[in-house]
Amino acid sequence: MRAIDRQTRLKRGKELGRLAYDMLRFEDLIGNITVEGEQKQLREFARSGLSGSLLTPFRPTRLDEFSRIEIRYLGRKVLDIRWSKAGDFQLIVYEPGEWEELLDRLANVF
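All chains use their own residue numbering, which begins from 1 and follows the written sequence. In keeping with the predicted nature of the model, local features appear solely for residues at pLDDT of at least 70, side-chain atom pairs appear and are counted solely at 80 or more, and the whole-chain, interface and lining totals rest on all residues. Water and hydrogen atoms play no part in the side-chain values, which are based on all heavy atoms of the structure.

Enquirer: Sorry if this is basic, but what is going on with the packing of aromatic side chains here?
Expert: Here the distance between the centres and the angle between the planes together describe a pair of aromatic rings. Two rings from Phe, Tyr or Trp (for Trp, the six-membered ring) form a pair when their centres are within 6.5 Å of each other. A pair whose planes differ by under 30 degrees is stacked, one over 60 is edge-to-face, and the rest are tilted. If you walk through the whole model with that rule in mind, you get two aromatic pairs. Aromatic pair Y21 and W83: ring centres 6.4 Å apart, planes at 80°, arrangement edge-to-face. One end of the pair, Y21, is in helix α1 (residues 3-24); the other, W83, is in strand β5 (residues 76-84), and 62 residues separate them in sequence. Each residue is assigned to one of three classes by its accessible area relative to the maximum for its type, calculated with a 1.4 Å probe on protein chains only: buried under 20%, partly exposed between the two thresholds, exposed over 50%. For Y21, a relative accessible area of 34% gives the class partly exposed. Residues Y94 and W99 carry aromatic rings whose centres are separated by 6.5 Å and whose planes lie at 75° to one another, so their mutual orientation is edge-to-face. For W99, a relative accessible area of 1% puts it in the buried group. The criterion is that NZ of a Lys, or CZ of an Arg, lies within 6 Å of the ring centre and within 35 degrees of the ring normal, and then a charge sits over that ring. Just above the ring of F89 sits the side chain of K14; from NZ or CZ to the centre is 5.1 Å. Geometry around F66 places R82 over its ring, the cationic atom sitting 3.6 Å from the centre. A run of H or I in DSSP counts as a helix once it spans at least four residues, and a run of E counts as a strand once it spans at least two, with each numbered from the N terminus.

Listed below in structure tokens is the structure:
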């Protein structure tokens, strides 16, 4: 994949991640779980075949503690991003598709 393609995918992944975050942050807290040895708060949503989860540090004490968003469409993972306050950002999975428009519509309800 060419560098420009990677940059375009990364930019689009961040845009979609922001939409998902704006939606997920208003969801009820499901609970606290341990992921990779860190305590995380879990929030989830499921609407119209689209579902997602947000993991955030329970008590952020280190800049390198990660947060994560996973989005699934009709059961298939289409977006998976991970970031930290230290500035690390990873686009783990991004599969373009019709789910992007659905996420945009659902996020703009809030």
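Enquirer: How should I be thinking about the nonpolar core in this particular structure?
Expert: Among soluble globular proteins, nonpolar side chains are generally buried collectively. Residues L16, L50, I69, I71, L79, W99 and L103 are the most contacted members of the largest nonpolar core, which totals 20 residues. Counting only elements with at least two residues in this core, the list comes to α1, β3 (50-57), β4 (66-73), β5 and α2 (99-107). Contacts are assigned to residue pairs that have any heavy atoms within 4.5 Å of one another. When near neighbours in sequence (up to four residues on either side) are disregarded, L79 contacts G13, L16, G17, I69, E70, I71, L91, V93, Y94 and W99. Among the buried residues, those of types Ala, Val, Leu, Ile, Met, Phe, Trp, Tyr and Cys that are joined through side-chain atoms within 4.5 Å form a nonpolar core.

Enquirer: What is the right way to look at the environment of S53 in this model?
Expert: On the secondary structure map, S53 appears in strand β3. Here the alpha-carbon distance between S53 and R43, two residues 10 residues apart in the chain, equals 5.6 Å. Discounting chain neighbours no more than four positions away, the residues touching S53 are L24, L42, R43, E44, R68, I69 and E70.

Enquirer: Which parts of the structure should I look at to understand α2?
Expert: In an α-helix, one turn spans 3.6 residues; hence positions three or four apart end up facing the same way. Three or more residues of α2 are buried, namely W99, E100, L102, L103, L106 and A107. On an axial view of α2, the arc spanned by its buried residues comes to 160°, and they lie on one face. Throughout, the arc means the angular range of directions from the helix axis out to the C-beta atoms.

Enquirer: Sorry, what's going on with the side chain of E100 here?
Expert: With respect to the helices and strands, the residue E100 is situated in helix α2. Pairs of N or O atoms within 3.5 Å make up the polar contacts considered here, provided that, within protein, one atom can donate a hydrogen while the other can accept it, and that residues adjacent in sequence are counted only when both atoms are side-chain atoms. A distance of 2.9 Å separates a polar side-chain atom of E100 from the backbone nitrogen of G97.

Enquirer: How should unusual backbone geometry be read in this particular structure?
Expert: Where the residue is not glycine, phi is negative for most of them; where a peptide bond is considered, it is trans in most cases. We note that E36 has phi near 50°; this positive angle belongs to a residue other than glycine. Mapped onto the elements, E36 comes out in the loop between β1 (29-35) and β2 (38-47). A positive phi angle is found at L74, which is not glycine, with a value near 50°. Position of L74 among the secondary structure elements: in the loop between β4 and β5.

Enquirer: Would you explain the pairing of strand β6 (residues 89-94) in this entry?
Expert: It is a general feature of regular strands that their side chains alternate between the two faces of the sheet. Here a strand pair is declared whenever DSSP counts at least two bridges between the two strands. Pairing between β5 and β6: five bridges, direction antiparallel. Looking across to β6, one finds that I81 is bridged to L91. Between β5 and the antiparallel strand that follows it, β6, lie four residues; G87 among them carries a positive phi value of about 100°.

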